[in-house]
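If you want the building blocks of each chain, they are given just below.
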Amino acid sequence: MNTKLYSGTGSSLALTGLGFEPSMTWIKCRSGSASAEDHVLFDAVRGSTKRISPNTNTTEWTSATNITSFDSDGFTLSTNTQLNGSGEYASW
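Just so you know, these numbers come straight off a predicted model, no measurement behind them.

Each helix and strand in the protein was counted, giving one helix and nine strands. Each helix and strand of the protein, ordered N terminal to C terminal, gives the series β-β-β-β-β-β-β-β-α-β. Rg of the C-alpha trace for the protein: 12 Å, near the compact-globule value of 12 Å for 92 residues, within the 12% margin. Among the 92 residues that make up the protein, the fraction classed as buried is 39%. Surface summary for the protein: the accessible area is close to 4,800 Å², and the carbon and sulfur share equals 52%. Each charge class in the protein can be summarised by its mean position, and for the 6 positive and 8 negative side chains these summaries are 4 Å apart.

Now the structure itself:
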């Protein structure tokens, strides 16, 4: 497990430096415009377009504007403002 802190850019963002290819990530905005948004989880089994919000009672849902890929040293985010907007984020 590794924690990755990052600043949202609004553009495609490759997060690297984890030291391994993640099979799951849990993302939460810590401050900024999306800080009131739900927590989101993604895993390699469901695929990068499937997301779960563990702090709600909603089911899994699909969106092409989430994580675009799990990579050999991290993962790549799309332009989704809940995951990569103006603010500071944490990924576990």
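Now, onward.
Taken as a whole, this structure holds one aromatic pair when the rule is applied. Pairing Y6 with Y89 gives two aromatic rings, centres 5.1 Å apart and planes at 10°, and the pair type is stacked. Taken together, the residues span a long stretch of sequence, with Y6 in strand β1 (residues 4-7) and Y89 in strand β9 (residues 87-91) at a distance of 83 residues. Note on accessibility: Y6 and Y89 belong to one class, buried.

Looking now at the pattern of salt bridges. Evaluation of the coordinates by the stated rule reveals two salt bridges. Between E60 and R46 there is a salt bridge whose closest N-O contact spans 2.8 Å. In this pair, E60 is assigned in the loop between β5 (47-52) and β6 (61-62) and R46 in the loop between β4 (40-43) and β5, connecting sequence segments 14 residues apart. Shared partners join several salt bridges into a network, and the residues in it are D43, R46 and E60.

Grouped together as the largest cluster of nonpolar side chains are 14 residues, with contacts concentrated most on Y6, I27, F42, F75 and L77. Listing elements by their share of this core, those giving two or more residues are β2 (13-16), β3 (24-32), β4, β7 (67-71) and β8 (74-77). Ignoring sequence-local partners within four residues, the contact set of Y6 consists of L13, L15, I27, L77, L83, G87, E88, Y89 and S91.

Moving on, we come to the sheet that holds β3. Strands sit in the order β1-β9-β3-β4-β5-β6 across an open sheet of six strands; the sheet is antiparallel. Edge strands, defined here as strands with exactly one partner in the open sheet, are β1 and β6. Relative to β5, β4 runs antiparallel, the two being bridged by two bridges. The residue of β5 that forms the bridge with D43 is G47.

Assignment of secondary structure puts S69 in strand β7. S69 sits in the partly exposed class, given a relative accessible area of 23%. Measuring from C-alpha to C-alpha, the distance between S69 and G47 comes to 8.4 Å, with 22 residues separating the pair along the chain. With residues up to four places along the chain from it excluded, the contact list for S69 reads S48, F75 and T76.

About the thresholds
Residues numbered from 1 in each chain as written. Predicted model: local features only at pLDDT ≥ 70, side-chain atom pairs only at ≥ 80, totals over all residues. Heavy atoms only, no water. Helix = DSSP H or I, 4+ residues; strand = E, 2+ residues; numbered from the N terminus. Rg over C-alpha atoms; globule rule 2.2 N^0.38 Å. Buried < 20%, exposed > 50% of the residue type's maximum accessible area, 1.4 Å probe, protein only. Areas by Shrake-Rupley, 256 points an atom, 1.4 Å probe, with all protein chains shown as cover. Lys, Arg positive; Asp, Glu negative; His and termini not counted. Charge placed at Lys NZ, Arg CZ, Asp CG, Glu CD. Phe/Tyr/Trp six-rings, centres within 6.5 Å; stacked < 30°, edge-to-face > 60°. Salt bridge = Lys/Arg side-chain N within 4 Å of Asp/Glu carboxyl O. Core = buried A, V, L, I, M, F, W, Y, C linked by side-chain atoms within 4.5 Å. Contact = heavy atoms within 4.5 Å. Pairing = 2+ DSSP bridges.

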